[in-house]
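Topology and contacts: notes
One-letter residues, chain by chain:
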Amino acid sequence: AWCPAPPLDFSARFSCRERRYRYFFTQPAFVPTPHNLEYPSSSTTKVKDGWLDIAAMKEAAELFEGLHDFRNFCKVDGGKQISNFERRMFFAGIEEVEDSTSGLGFLNGTDFVSPGSMEKGYPKVYTFTLHGSAFLWHQVRCMVSILFLVGQGLEKPSIVSELLDVEKNPRRPTYEMASDTPLVLWDCIFPREDDPERKDTM
């Protein structure tokens, strides 16, 4: 967007009080292996290969809300020498994108669906939607990476709380960041200084 006559002291970067990001992903995350081609041991896991436990991801995402130290959810830039890793997240959640369409209807067949699933209409598109006051370097991609581990059943939702506890975990563990391709800066909010509801005024 653009503004024909911004206030004299306006800064597109420093006047922004809330940034909103959306990270898009699909369910299933990749084409599942048909049941008859799976290894026998894979049938004992909670989440079928390719599928994500969306309920667990939602539970984990909500734990990001509030004021937290996010040093375990960012890439530290040694050149900037940041000492304050606290950031406030106003909203964090997993949301389904309702108006997505696809030609991959075969994913709804009995050979591909996750065991016990009654839902249809796959593949579905979801977003990790995040509203925050400010962000650290690669913070959203690191958060998504942990959510994907939860979604695959490799970590419990409580891993988010554990990593936010910097006294218990003072150093960032080694994990791969999520790809930058599906990450979108969705909106920037420029509220009045005294507005606790942060309504955009531009």
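Residues numbered from 1 in each chain as written. Predicted model: local features only at pLDDT ≥ 70, side-chain atom pairs only at ≥ 80, totals over all residues. Heavy atoms only, no water.

A few points about the nonpolar core
Formed by 35 residues in total, the largest nonpolar core has its most connected members in F64, F70, F73, I94, F128, L130 and L147. Among the elements of the structure, β1 (18–27), α1 (54–62), β3 (86–97), β4 (124–132), α2 (139–151) and α3 (159–164) are those that each provide at least two residues to this core. Per-element accounting of this core gives the leading share, seven residues, to α2. Every residue in contact with F64, bar those within four places of it in the chain, is listed here: F70, F73, M89, A92, F128, M143, L147 and V160. (Core = buried A, V, L, I, M, F, W, Y, C linked by side-chain atoms within 4.5 Å. Buried < 20%, exposed > 50% of the residue type's maximum accessible area, 1.4 Å probe, protein only. Helix = DSSP H or I, 4+ residues; strand = E, 2+ residues; numbered from the N terminus. Contact = heavy atoms within 4.5 Å.)

Brief notes about the packing of aromatic side chains
Tallying each qualifying case throughout the model produces ten aromatic pairs. Between the aromatic rings of Y21 and F135, the centroid separation amounts to 5.0 Å while the plane-to-plane angle is 80°, which identifies the pairing as edge-to-face. Taken together, the residues Y21 in strand β1 and F135 in the loop between β4 and α2 connect sequence positions 114 residues apart. Accessibility expressed as a relative area gives 17% for F135, which makes it buried. A centroid spacing of 5.2 Å and a plane angle of 85° characterise the contact between F64 and F73, whose relative ring orientation is edge-to-face. This pair shows no difference in class: F64 is buried, exactly as F73 is. (Phe/Tyr/Trp six-rings, centres within 6.5 Å; stacked < 30°, edge-to-face > 60°.)

Some remarks on the environment of G151
Relative to the helices and strands, G151 is located in helix α2. On the accessibility criterion, G151 (0% relative accessible area) is buried. In sequence terms G151 and A55 are 96 residues apart; their C-alpha atoms lie 8.2 Å from each other. Filtering out sequence-adjacent residues up to four positions away, G151 remains in contact with V47, W51, L52, D53 and M57.

Side note on the packing of α1 against α2
It is at 8 Å that the axes of α1 and α2 come closest, and there the two elements cross at 145°. Where α1 crosses over α2, the handedness of that crossing is right-handed. On the side of α1, the interface is formed by A56, M57, A60 and A61, while α2 contributes L147, F148, V150 and G151. Among the residues forming the contact of α1 with α2, the class breakdown is seven nonpolar, one polar and no charged. (Axes fitted to C-alpha atoms, helices over the stretch in contact; angles between N-to-C directions. Left-handed = near helix turned anticlockwise from the far one by under 90°. Nonpolar A, V, L, I, M, F, W, Y, C, P; charged D, E, K, R; others polar.)

Considerations on the environment of F85
Assignment of secondary structure puts F85 in the loop between β2 (66–69) and β3. It is 8.0 Å that separates the C-alpha atoms of F85 and H68, two residues lying 17 residues apart in sequence.

As for the pattern of salt bridges
Applying the stated criterion to the full structure yields four salt bridges. A salt bridge links E18 to R20, with the nearest nitrogen and oxygen atoms 2.8 Å apart. Owing to a relative accessible area of 1%, E18 belongs among the buried residues under this scheme. A relative accessible area of 25% means that R20 is categorised as partly exposed. In this structure, the salt-bridge partner of K199 is E197, at a minimum N-O distance of 3.4 Å. In this structure E197 comes out as exposed when scored by relative accessible area, which is 53%. (Salt bridge = Lys/Arg side-chain N within 4 Å of Asp/Glu carboxyl O.)

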